[in-house]
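# Architecture at a glance
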Amino acid sequence: MKSQARIPTGRISDPGYPRASNPEYTRHHPRWYRRRMPIFWWLRKLAYTKFILRELTSQPVMYVTLFLLGKMWVLSRGPEAYETFIQWLSHPALLAFHALVLAGLLFHTVTWLNLTPKALVLRVAGRKIPGWAIVGAHYGAWLGLSGAIFWILAGR
Amino acid sequence: MPDTVKLEVFRYRPEGEGAPVYETFEVPYRDEWMVLDALNHIKDHQDGTLSYRWACRMGVCGSCGMTVNGEPVLTCATYLEPFLPGPIRVEPLHGFPVIRDLVGDLEDFVEKLQRVKPWIIREEEKPTSEGEYLQTPEEMDAYKRYSMCINCMLCYAACPIYELEPGFIGPAAIALAQRYNLDSRDEGARERHEVLAEHEGVWSCTFVGECSIVCPKDVDPAGAIQRYKVDATLDFFRSLVTPGRSP
Amino acid sequence: MRRARDPFFWGLFSGGGMLTALLLPALFLVTAITAPMGWFGMTGYEEWATLAGHPLTRAGLLLVAFLAFFHAAHRFRYTLYDGLQLYHLDALISIVTYGVAAVLTVLAAALLILVV
């Protein structure tokens, strides 16, 4: 604790009242201090970093869409082209990169589905459907559609 | 438990140094003390010039919001205990210009709040003789959550978009607009739409979601904003397929 | 018109967000990882080519591509705009991001309708 000697009161009559040493200061007129947002503001808090990572999943989404179209194009070029494409995809470096892309996609899916109850407020027979039910239904749809895709593309 | 704890307090004295400094104060530690109690101890026993706002000490007036160790909180509802052993850094709320020490200038919020007309708008008032406007519990439930807002502005301080784009109308003002939009007695949704449908209305929001996390009253402004976006978007696409209907 | 811009692009953004969240992880896992690794069935060219030739596959993929491109464009626009504080470049960023999405959609349509 500081010494108990004399506590400045903040009154203008107080001899300890801060005297204006700043020439630009005018008494009784606000002279604001404005903080500038740093360019790396998204590192300030974990929540902001997560937010920017979530927003950057736009890039994996973009890549995967182009990849699917690319695969369609390769398929139109005949069996040899497809064979080369498959060999290329089996390269460990590309597989590792694609695992990373998949992780980005999953982050997009999980963050997107978790936020659905914020945007959707549904009522059935006058009763509000609880948030967990909305999230649950979306996860159910995700699992169902993923299962269907697996069944069609890899199940036979 | 320690006998004392150190607080690093943001000091801005416009007549003095010009730039803000952090001043360290050592205050007695008590289990039952809130951060506000420690600030009051500094003001009463160490430096009476320390400036900050507070009133009710019970989490309803919404005036003692500050940034404590980086998080916007009501200092009257935040114990010292979780921050031990300290030091505890106390700063003004982010996003608002600082007038002095821990006091922010809130004019901008007050002006924006008025712009969304947070009151019941009726095209025609019914005469008192016809009695009150009745509401079912479900009708009240539709807006009740948003009516809990105490204008403490923690949501603005948590919102990086408000700090980046000061024109953004902001979380609490939109939640309060929705509080009236969703009220069965209200007929002012179109008037508020004028403000909310601007780019600096709901569309500046990128759903960081922190406003709802820091809200001491569980108002969920982020949810209010996303719901408004969904409704406005559905209205827009419906107006495309239904000629003669304006969004 | 100014009022129409935000809900229009937000509608594409959220539609694309939902569709990509539900479909892309499984689609990508199967086409880029399990198929080249030879896991599970369906690894041969013929099967894939038959599937790729189906009109429903092409129509579905075109819808996914259109919404995914605009979803990504919208998100990336805001990432540049807020993340890097480029407010003065908003008009340019919007034209480039949505423009790229539009061009890619046209190319995807050309590929899926004319080539495949």
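It should be noted that the structure appears before, not after, this text.
First, a word on what this report is: a plain description of the structure on this page. (Residues numbered from 1 in each chain as written. Chains lettered and ligands numbered in written order. Predicted model: local features only at pLDDT ≥ 70, side-chain atom pairs only at ≥ 80, totals over all residues. Heavy atoms only, no water.)

## Thoughts on the overall build of chain B
Threshold: Starting at the N terminus, helices and strands are each numbered in turn, a helix being any DSSP run of H or I of at least four residues and a strand any DSSP run of E of at least two. Relative accessibility under 20% of the residue-type maximum defines a buried residue, over 50% an exposed one, and the middle range a partly exposed one, all with a 1.4 Å probe and only protein chains included. Every accessible area reported is derived by Shrake-Rupley at a probe size of 1.4 Å, with residue values counting cover from the shown protein chains alone. As used throughout, the charge tally considers Lys and Arg to be positive and Asp and Glu to be negative, leaving His and the chain termini uncounted. A single reference atom marks each charge: NZ on Lys, CZ on Arg, CG on Asp, CD on Glu.
Regarding its fold elements, chain B presents nine helices and seven strands. The principal-axis extent of the C-alpha atoms belonging to chain B is close to 70 × 40 × 30 Å. When burial is assessed residue by residue, chain B has 55% of its 247 residues classed as buried. In the structure as shown, chain B presents an accessible area of about 10700 Å², 52% of it carried by carbon and sulfur atoms. Chain B carries 25 positive and 41 negative side-chain charges, and their two centres are separated by 2 Å.

## Re the overall build of chain A
Rule in force here: The globule rule is 2.2 Å times the number of residues to the power 0.38, and the radius of gyration it is compared with is taken over C-alpha atoms. Two residues form a contact once any of their heavy atoms are found within 4.5 Å.
Across its full length, chain A carries six helices and two strands. Across chain A, helices and strands are ordered from the amino to the carboxyl terminus as α-α-α-α-α-β-β-α. Against the globule reference of 15 Å for 156 residues, chain A gives a C-alpha radius of gyration of 30 Å, more extended than a compact globule. Counting only C-alpha atoms and orienting by the principal axes, one finds that chain A spans roughly 90 × 50 × 35 Å. Sorting the 156 residues of chain A into buried and exposed places 35% on the buried side. Sequence-distant contacts, at least 24 apart, represent 37% of the contacts inside chain A between residues at least 6 apart. A gap of 17 Å separates the mean positions of the 20 positive and 5 negative side-chain charges of chain A.

## Thoughts on the nonpolar core
Heads up, the condition is: Grouping buried Ala, Val, Leu, Ile, Met, Phe, Trp, Tyr and Cys residues that are joined through side-chain atoms within 4.5 Å yields what is termed a nonpolar core. The domain boundaries here were taken from an automatic or database domain assignment.
If you look at the biggest cluster of nonpolar residues, it comprises 80 residues, and the most contacted ones within it are B:Leu7, B:Leu39 and B:Tyr156. For this core, the two domains that each supply at least three residues are domain 1 (4-104) and domain 2 (107-241) of chain B. The contacts of B:Tyr156, once residues within four sequence positions are left out, are B:His94, B:Phe96, B:Phe109, B:Tyr162, B:Ile169, B:Gly170, B:Pro171, B:Ala172 and B:Ala173. One finds A:Phe67, C:Leu27, C:Tyr98 and C:Ala101 within the second-largest nonpolar core, a separate group that totals 50 residues.

## Regarding empty space enclosed by the protein
Residue and element names in this part refer to chain B. Worth spelling out the cut-off: A 1.4 Å probe that fits but cannot get out identifies a cavity on a 1 Å grid over protein atoms alone, an open set with protein on both sides within 12 Å along at least five of seven lines counts as a pocket, and a residue lines either if it has an atom within 4 Å of a point. Grid points are joined across faces, edges and corners, and a volume is the space filled by probe spheres set on the points. As a working rule, the residues Ala, Val, Leu, Ile, Met, Phe, Trp, Tyr, Cys and Pro are called nonpolar, Asp, Glu, Lys and Arg charged, and the rest polar, with Gly in that last group.
The full count for this structure, using the stated rule, is three cavities of 30 Å³ or more. The computed volume of the largest cavity comes to approximately 120 Å³. For the lining of the largest cavity, the secondary structure elements donating two or more residues are strand S3 (65-68) and strand S7 (103-104). By residue class, the composition of the lining of the largest cavity is nine nonpolar, four polar and one charged.

## Some words on the environment of A:Gln59
Residue and element names in this part refer to chain A. By the element assignment, Gln-59 lies in helix H2 (residues 58-76). By relative accessible area, Gln-59 is classed as partly exposed at 34%. In the structure, Gln-59 is positioned 26 residues away from Phe-85 in sequence and 22 Å away in space, judged by C-alpha atoms.

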